[in-house]
Number of protein chains: 2
Amino acid sequence: VTADLEIICIGNELLIGKILNTNAQWLSKQATLMGITVKRITVVRDETKEIATAIKEALRRKTNFVVTTGGLGPTFDDKTLEGIAQALNRKLAVNRKALIMVKEKYEAFAMKNHIETIELTQPRIKMATLPRNAHPIFNPVGTAPGVRVDTIKTTLIALPGVPKEMEAIFEKTVAPMLRQASGKTTMFHEKSIHANNIMESSLAPLIDSVMHDNPGVYVKSHPRGEENKPRIEIHLSTTAGQAEKPEEKLQKTVAQLVRAIIESGGNVVYDGKTTP
Amino acid sequence: VTADLEIICIGNELLIGKILNTNAQWLSKQATLMGITVKRITVVRDETKEIATAIKEALRRKTNFVVTTGGLGPTFDDKTLEGIAQALNRKLAVNRKALIMVKEKYEAFAMKNHIETIELTQPRIKMATLPRNAHPIFNPVGTAPGVRVDTIKTTLIALPGVPKEMEAIFEKTVAPMLRQASGKTTMFHEKSIHANNIMESSLAPLIDSVMHDNPGVYVKSHPRGEENKPRIEIHLSTTAGQAEKPEEKLQKTVAQLVRAIIESGGNVVYDGKTTP
């Protein structure tokens, strides 16, 4: 059984279409490559109740990991920690370890910029105000620490929304946890081929039969061409340990699919070659 | 009261990080510009139960509009209509109007490609198999029709996942509905300025006080620089009718914010000019 994960992205900028959700894609890809199944991505506004509701829903689904992005900074609309506290029915309190992390960041900043001292104002202390029994995670790039909360079924991890900070904390602290949960050998393997001259609706029964003959391999078609010039990307993937020989399995599935497409009058672009 | 909307994107490719969710951003932006509030984006896998659950949750929140993307095509993993049927507890049946739409698409394709006839196979009929009392929406670009279902509180609209098809159906059929729901005059207005030489945590109290003095204007900071070289984008927005003079309101808010930042020792880039 592989572990599963949900991503909750917090930020109005995502819901007004101001920015593309690159964080969700990056996290999904990293987790998938480690053999973790990403079950759901949810994007909510900077409102405590919205955040709390989304987290409660994910916890109710007993997802192994919930990773949030955004809302950890110093401004009034950084409400993720409030949302987590509300979802878990825990109080918020200044966390000593987190406060040291924040303080050291401002001391380093003051030193580098030749400022005598930077006061620990309320917005700065806010970044160290965590739900009870939460653990701050060192942020190698920015000021706001990440946060980990362990519940009975779920490990909840809150990461900053700034991509560089999110990625740095993920790589240093979250990735090792996920790797351990998925088992060292379980990995995601994938291949893509392109089919021309065959409509997606003609491809559908071929995919059905190829998937039937190759259990564990998922085959999905993605139309890429124009309405009257069908060009379809076919993506094959499997999540498995090395003992199951996933690469061989994918190769065998590709070969069968290529034969079926050619028999139906289509042609295939694979590894840079067009057949027939 | 403005109308609200949720987006549900269906597709494993989004949850394995294969592609960026450009559909969600595009839809969010369009809806926001029309004065509609996008409350939530949910991304789920190609599984009937997952889709049905996400739709039921959105309906329970009494969202005015729910727009889904993806899962309308001919392959086995196109399960959106099954998911909608399950969420609404309605049976699926071949829809006569939808079948005509699909049939005409294949006839046109056959004609252009000098094929005598294209059989209406099961995967093709599948695209015209809708939940009872659903309405097909003509797809000007691709084969699978969009689908509209009216429930008591919510208008549910299913769009294809191929961006060109999704955008074409949205612009032709969905945009007019949203414009009517939001009222013709309510629109989204926004401005961005950039602040240098001021930390986000120093900006936080300035934003608080500027927002307090300018009700209806939302001000959000987005760190864009390095840890030791703060550079912050500040995004100001308001959703309002012309009678409320939104542009004047934003200008006034920007002016107050710029003064406050300069007084705190920062400088501002706005309209291409740096002050001071």
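Structure shown above.
Residues numbered from 1 in each chain as written. Chains lettered and ligands numbered in written order. Predicted model: local features only at pLDDT ≥ 70, side-chain atom pairs only at ≥ 80, totals over all residues. Heavy atoms only, no water.

S.K.: Help me understand the overall build of chain A in this model?
M.R.: Of regular secondary structure, chain A possesses nine helices and 13 strands. Over its C-alpha atoms, taken along the principal directions, chain A stretches across nearly 75 × 35 × 35 Å. For chain A, with 276 residues in total, the buried portion stands at 56%. For chain A, the exposed surface amounts to about 12,400 Å²; the carbon and sulfur share of it is 51%. (Helix = DSSP H or I, 4+ residues; strand = E, 2+ residues; numbered from the N terminus. Buried < 20%, exposed > 50% of the residue type's maximum accessible area, 1.4 Å probe, protein only. Areas by Shrake-Rupley, 256 points an atom, 1.4 Å probe, with all protein chains shown as cover.)

S.K.: What am I meant to see in the interface of chain B and chain A here?
M.R.: Tallying the contact residues gives 73 residues for chain B and 72 residues for chain A. Both sides together, the interface formed by chain B and chain A hides about 5,800 Å², and carbon and sulfur atoms give 52% of it. Run the count over chain B and chain A and you get 12 salt bridges. One salt bridge in this structure joins Glu 233 of chain B and Lys 18 of chain A, with 2.6 Å as the shortest N-O distance. Partitioning the side of chain B that touches chain A into residue classes produces 29 nonpolar, 22 polar and 22 charged. Inspection of the sheet shows strand E2 (residues 37-44) of chain A paired to strand E2 (residues 37-44) of chain B by five bridges, in the antiparallel sense. The partner of Arg 40 of chain A across the bridge, within E2 of chain B, is Val 44 of chain B. (Contact = heavy atoms within 4.5 Å. Buried area = accessible area lost by both parts, 1.4 Å probe. Salt bridge = Lys/Arg side-chain N within 4 Å of Asp/Glu carboxyl O. Nonpolar A, V, L, I, M, F, W, Y, C, P; charged D, E, K, R; others polar. Pairing = 2+ DSSP bridges.)

S.K.: Any chance you could explain the sheet that holds strand E10 (residues 218-223) of chain B here in plain terms?
M.R.: Backbone hydrogen bonds are what pair the strands of a sheet, in a parallel or an antiparallel way. All names here are of chain B. What the five strands build is an open sheet, ordered E10-E11-E9-E12-E13; its pairing is antiparallel. Two strands bound the open sheet, and with one partner strand each, they are E10 and strand E13 (273-275). The average angle at which neighbouring strand axes cross in this sheet is 25°, direction not considered. Bridging between strand E9 (residues 187-196) and strand E11 (residues 231-240) involves 10 bridges; their strand directions are antiparallel. Bridge assignment links Ala 195 to a residue of E11, and that residue is Ile 232. Set on the sheet, helix H8 (residues 200-213) makes contact with E10 and E11; between it and E10 the angle comes to about 170°. (Axes fitted to C-alpha atoms, helices over the stretch in contact; angles between N-to-C directions.)

S.K.: Before we go on, may I ask you to explain helix H4 (residues 80-88) of chain A in this structure?
M.R.: Spacing of three or four residues puts side chains on the same side of an α-helix, whose turn is 3.6 residues. The buried fraction of H4 of chain A is high, at seven of nine residues. Looking at H4 of chain A, one finds that the buried residues are Thr 80, Leu 81, Gly 83, Ile 84, Ala 85, Ala 87 and Leu 88 of chain A.

S.K.: I'm lost on the packing of helix H2 (residues 22-33) of chain B against helix H7 (residues 163-182) of chain B in this one. Help?
M.R.: A pair of packed helices is characterised by two quantities: the angle between their axes and the separation of those axes. All names here are of chain B. Taken N-terminus to C-terminus, the directions of H2 and H7 make an angle of 20°; their axes are 11 Å apart at the nearest point. As far as their axial angle goes, H7 and H2 are roughly parallel. Our pair here, H2 against H7, has a crossing hand that is right-handed. Between H2, through Asn 23, Trp 26, Leu 27, Gln 30 and Ala 31, and H7, the contact on the second element is made entirely by Pro 163, Met 166, Glu 167, Phe 170, Glu 171 and Leu 178. In the contact of H2 with H7, the residues fall into seven nonpolar, two polar and two charged. (Parallel < 35°, antiparallel > 145°, perpendicular 65-115°, else oblique. Left-handed = near helix turned anticlockwise from the far one by under 90°.)

S.K.: Just to check I follow, could you spell out the relation of the copies chain B and chain A for this structure?
M.R.: One copy of the chain maps onto the other through a rotation about an axis followed by a shift along the same axis. In the superposition of chain B on chain A (RMSD 0.0 Å, axial shift 0.0 Å), the rotation amounts to 180°. What we have between these two chains is a two-fold relation. Every residue of chain B has its C-alpha some distance from the rotation axis, and the shortest such distance is that of Thr 42 of chain B, at 2.3 Å. Most of the interface of chain B is mirrored in chain A: 99% of its interface residues are interface residues there too. (Least-squares fit on C-alpha atoms with pLDDT ≥ 70 in both.)

S.K.: Hey, could you run me through the packing of aromatic side chains in this one?
M.R.: Per the stated rule, a full pass over the model turns up four aromatic pairs over all chains. Measuring from centroid to centroid gives 5.3 Å for Trp 26 of chain B and Phe 170 of chain B, while their planes differ by 80°, and the two rings are edge-to-face. With Trp 26 of chain B in helix H2 and Phe 170 of chain B in helix H7, this pair connects stretches of sequence that are 144 residues apart. Across this residue pair, the class does not change: Trp 26 of chain B and Phe 170 of chain B are buried. For Arg 124 of chain A, the ring lying beneath its charged end belongs to Tyr 106 of chain A, and the centroid distance is 4.9 Å. (Phe/Tyr/Trp six-rings, centres within 6.5 Å; stacked < 30°, edge-to-face > 60°. Lys NZ or Arg CZ within 6 Å of the ring centre and 35° of its normal.)

S.K.: What should I look at first to understand helix H9 (residues 246-263) of chain A in this one?
M.R.: Residues and elements named next belong to chain A. Taking 1.5 Å per residue as the helical rise, H9 with its 18 residues ought to reach 26 Å, and the 26 Å between its terminal C-alpha atoms agrees with that figure. Of all the positions in H9, only Pro 246, Leu 250, Thr 253, Val 254, Gln 256, Leu 257, Val 258, Ala 260 and Ile 261 are classed as buried. Buried residues along H9 sit in contact with strand E9 (187-196), helix H8 (200-213), strand E10 (218-223), strand E11 (231-240) and strand E12 (267-270). With its phi angle positive at about 95°, Gly 265 sits one or two positions after the end of H9. (Expected span 1.5 Å × (residues − 1).)

S.K.: Would you explain unusual backbone geometry in this entry?
M.R.: With the exception of glycine, most residues fall at negative phi, and the peptide bonds are largely trans. With an omega dihedral of -5°, the bond running from Thr 275 of chain A to Pro 276 of chain A counts as a cis peptide bond. Not every positive phi belongs to a glycine, and Lys 62 of chain B is a case in point at roughly 55°. Relative to the elements of secondary structure, Lys 62 of chain B occurs in the loop between helix H3 (48-60) and strand E3 (65-69).

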